[in-house]
Amino acid sequence: MVIRVALSGAAGNIGYALLPLLASGYVFGSNAVELRLLEIPQAVGSLTGTKMELMDCSFPCLTDVIITTDPLVAFNNADVIILVGGMPRRKGMARKDLIQANTKIFSSMGKAIEEVASSNVKVLVVANPANTNCLVALTEASKIPTKNFCALTYLDHQRAKGQIATRLGVSANSIKNVTIWGNHSETQYPDALSGGYCVAKDGTKVPLSEMLANDIDWATTDFIYDVQNRGKAVIEARGLSSAMSAAQATADCLRTWLVTGTKTGETVSMAVYNDQGYYGVKEGIVFSFPCECRNGEWFVKEGLQLSDFSRNKLNITEAELVEEMAAAHELIGTSPVKIRTVSMSTCSSGLSLATTATESDMSVCLTSRM
Ligand code: NAD
């Protein structure tokens, strides 16, 4: 069985760094992968060079690479769609204008997904404004369950872990269950304290609220600011936007969501369609929550106790997303999406594409819709 993976914006910075992770087995194990690379006509020339490089890598699982400028070709029967291509924010461009330009693009992406993708396609939106682009796409793809979509806040999650690990002088991998709440924008709330913990060398889990007890000022000011503004800091230092880390986060998000799942008790941050009013957040927006992943599905982890400080931060990012939603809906003329969370069974009754995965627990769960 071949997993058909479509990637829009494949000729861009993130696309270039992401393609080897998709083709090498890092995400999908030893399952065969067919890549459909979607671009605008001006980028097809450079993408042809990238295709040559992919062939020159001789990835054992890569069966085919198709370059196209037509979403209907790229998404035809696609199992996984990664939407990285979009209108970038130019200097002096207001966020409203960015939303306007991208709503048009993501409306047509959503319609194409609806028309030709596999009924169980999984869609990860990376292009900014990621949450609202995701909302537009899932609104237009009305046959696909909203559970099959998410927007990337995994990079912010990793950035938060990195900042805390550096502060505490431990490895980033020992930091667990930090949460990015809300929008992938400067209003996001990186939260170390509500559920975060550090795994000590002897395996003990120590809450970050204890480890940072004498450093609460940092955890509630500079830490939050630095994670919110990390993308800008990378641009200032590098002269280019984050690409390696964004590609790695995209690959890790897909791998965790669709292949390995989260380990028991662990969460990752994913921006998902809020159909349940989780944590009192307004329904109908795509909001980043702490999520567990099992059998190719995400589940918002409920029950974290939020302080007044945290609640206030959630309100700020929620308000921005509600505003973005209103702007997008005005443009596409669609009322808030009807909830389509089809009750999905687990891999055992669905379609598991895994046959010879490289890790024993690697099975790609692209569960059938009904
Ligand atoms: P880039 O400009 O290098 O690449 C974008 C590519 O998209 C270009 O090759 C362009 O030709 C293509 N494109 C534009 N419109 C398209 C369309 N309608 N269909 C198909 N392709 C189209 O940008 P990048 O550095 O690769 O970043 C891509 C996006 O990811 C940006 O929107 C960026 O803001 C966003 N981003 C998100 C995160 C996150 O964590 N969610 C992190 C970093 C970057």
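Residues numbered from 1 in each chain as written. Predicted model: local features only at pLDDT ≥ 70, side-chain atom pairs only at ≥ 80, totals over all residues. Heavy atoms only, no water.

- Under an unreviewed UniProt entry, the name given to the chain is malate dehydrogenase, and the organism recorded is Skeletonema marinoi.
- Under the Sequence similarities (unreviewed entry) heading, UniProt states for the chain: "Belongs to the LDH/MDH superfamily. MDH type 2 family." (UniProt positions renumbered as here; feature names shortened; annotations may be inferred.)

## A word on the overall build of the chain
Inference 1: Looking only at helices and strands, one finds twelve helices and 14 strands in the chain.
Inference 2: In terms of C-alpha radius of gyration, the chain reaches 20 Å, essentially the compact-globule figure of 21 Å for 370 residues.
Inference 3: Judged by the C-alpha coordinates and their principal axes, the chain covers about 55 × 50 × 45 Å.
Inference 4: For the chain, the residues scored as buried account for 54% of the 370 residues in total.
Inference 5: Partitioning the contacts of the chain with sequence separation of at least 6, the portion at a separation of at least 24 is 73%.
Inference 6: Each charge sign in the chain was given a centre, from 32 positive and 36 negative side chains, and these centres are 2 Å apart. (Helix = DSSP H or I, 4+ residues; strand = E, 2+ residues; numbered from the N terminus. Rg over C-alpha atoms; globule rule 2.2 N^0.38 Å. Buried < 20%, exposed > 50% of the residue type's maximum accessible area, 1.4 Å probe, protein only. Contact = heavy atoms within 4.5 Å. Lys, Arg positive; Asp, Glu negative; His and termini not counted. Charge placed at Lys NZ, Arg CZ, Asp CG, Glu CD.)

## Thoughts on the site of the ligand
Inference 1: Taken together, 21 residues are adjacent to the ligand, and N13, I14, E39, V126 and N128 come closest.
Inference 2: I14 places a main-chain nitrogen or oxygen 3.0 Å from an oxygen atom of the ligand.
Inference 3: Here E39 contributes a side-chain N or O atom positioned 2.5 Å from an oxygen atom of the ligand.
Inference 4: Contact with the protein chains removes 80% of the 860 Å² of surface that the ligand exposes when unbound.
Inference 5: Residue assignment for the shell around the ligand shows that the elements contributing at least two residues are α1 (13-23) and α4 (95-116).
Inference 6: Residue composition of the shell around the ligand, grouped by class: twelve nonpolar, eight polar and one charged.
Inference 7: Split by domain, the residues of the shell around the ligand number at least three in each of domain 1 (2-151) and domain 2 (153-328). (Near = heavy atom within 4 Å. Polar contact = N/O pair within 3.5 Å; in protein donor to acceptor, adjacent residues only side chain to side chain. Areas by Shrake-Rupley, 256 points an atom, 1.4 Å probe, with all protein chains shown as cover. Nonpolar A, V, L, I, M, F, W, Y, C, P; charged D, E, K, R; others polar. Domains from an automatic or database assignment.)

## A few points about the environment of K176
Inference 1: Looking at where K176 falls in the secondary structure, it is placed in strand β7 (residues 175-176).
Inference 2: The spacing of K176 and S118 is 58 residues in sequence and 34 Å in space, taken between C-alpha atoms.
Inference 3: Each residue touching K176, except ones within four places of it in the same chain, is listed here: G195, G196, Y197, V199 and E266.
Inference 4: Among the polar contacts made by the side chain of K176, one reaches the main-chain carbonyl oxygen of N173 at a distance of 3.0 Å.

## Quick word on the domain arrangement of the chain
Inference 1: Assigned domains within the chain: domain 1 (2-151) and domain 2 (153-328).
Inference 2: Taken over C-alpha atoms, the centre of domain 1 sits 23 Å from the centre of domain 2.
Inference 3: Residue-level contacts link 31 residues of domain 1 with 39 residues of domain 2.
Inference 4: Taking both partners together, domain 1 and domain 2 bury about 2800 Å²; carbon and sulfur atoms supply 66% of that area.
Inference 5: Three residues, Y26, N131 and K147, lead the burial of domain 1 against domain 2; their summed loss comes to 24% of the area buried on that side.
Inference 6: Our enumeration of links across domain 1 and domain 2 arrives at one salt bridge. (Buried area = accessible area lost by both parts, 1.4 Å probe. Salt bridge = Lys/Arg side-chain N within 4 Å of Asp/Glu carboxyl O.)

## A closer look at the packing of α4 against helix α5 (residues 130-140)
Inference 1: Here α4 crosses α5 at 35°, and the two axes come no closer than 7 Å. When you trace α4 past α5, the crossing you get is right-handed. On the side of α4, the interface is formed by N102, T103, F106, S107, G110, K111 and E114, while α5 contributes N133, V136, A137 and E140. (Axes fitted to C-alpha atoms, helices over the stretch in contact; angles between N-to-C directions. Left-handed = near helix turned anticlockwise from the far one by under 90°.)

## Brief notes about the side chain of S269
Inference 1: Inspection of the secondary structure assignment puts S269 in strand β12 (residues 268-273).
Inference 2: Residue S269 is classed as buried on the basis of its relative accessible area of 0%.
Inference 3: Within the structure, S269 has its side chain in polar contact with the side chain of H157 (distance 2.8 Å).
Inference 4: The contacts of S269, once residues within four sequence positions are left out, are T153, Y154, H157, V178, T179, I180, S288 and F289.

## Details of the packing of α4 against helix α12 (residues 308-332)
Packed helix pairs are specified by the crossing angle of their axes together with the interaxial distance, meaning the distance between the axes.
Inference 1: It is at 10 Å that the axes of α4 and α12 come closest, and there the two elements cross at 55°. Judged by the angle between their axes, α4 and α12 are oblique. Both α4 and α12 take part in a crossing whose hand is right-handed. Contacts between α4 and α12 involve R95, I99, Q100, T103 and S107 from the former and E320, E324, A327, A328, L331 and I332 from the latter.
Inference 2: By residue class, the composition of the contact of α4 with α12 is five nonpolar, three polar and three charged. (Parallel < 35°, antiparallel > 145°, perpendicular 65-115°, else oblique.)

## Considering the UniProt feature "domain: Lactate/malate dehydrogenase N-terminal" (unreviewed entry) in the chain
Inference 1: Feature annotation in UniProt assigns "domain: Lactate/malate dehydrogenase N-terminal" (unreviewed entry) to the following positions: residues 4-149.
Inference 2: Between the first and last C-alpha atoms of residues 4-149 the distance is 16 Å; the span itself is 42% helix and 19% strand.

## A short note on the pairing of strand β1 (residues 2-8)
Inference 1: Extensive coverage of β1 is indicated by the burial of five of its seven residues.
Inference 2: Both β1 and strand β2 (residues 32-38) contribute to a ladder of seven bridges, which runs parallel. Each bridged residue has a counterpart across the sheet, and for V5 the counterpart in β2 is L35.
Inference 3: Between the parallel elements β1 and β2, the chain passes through α1 in a crossover that is right-handed.
Inference 4: Note that β1 and strand β4 (residues 80-83) share four bridges and pair parallel. Of the residues in β4, the one forming a bridge with V5 is V80. (Pairing = 2+ DSSP bridges. Right-handed = clockwise from strand over helix to strand, strands pointing away.)

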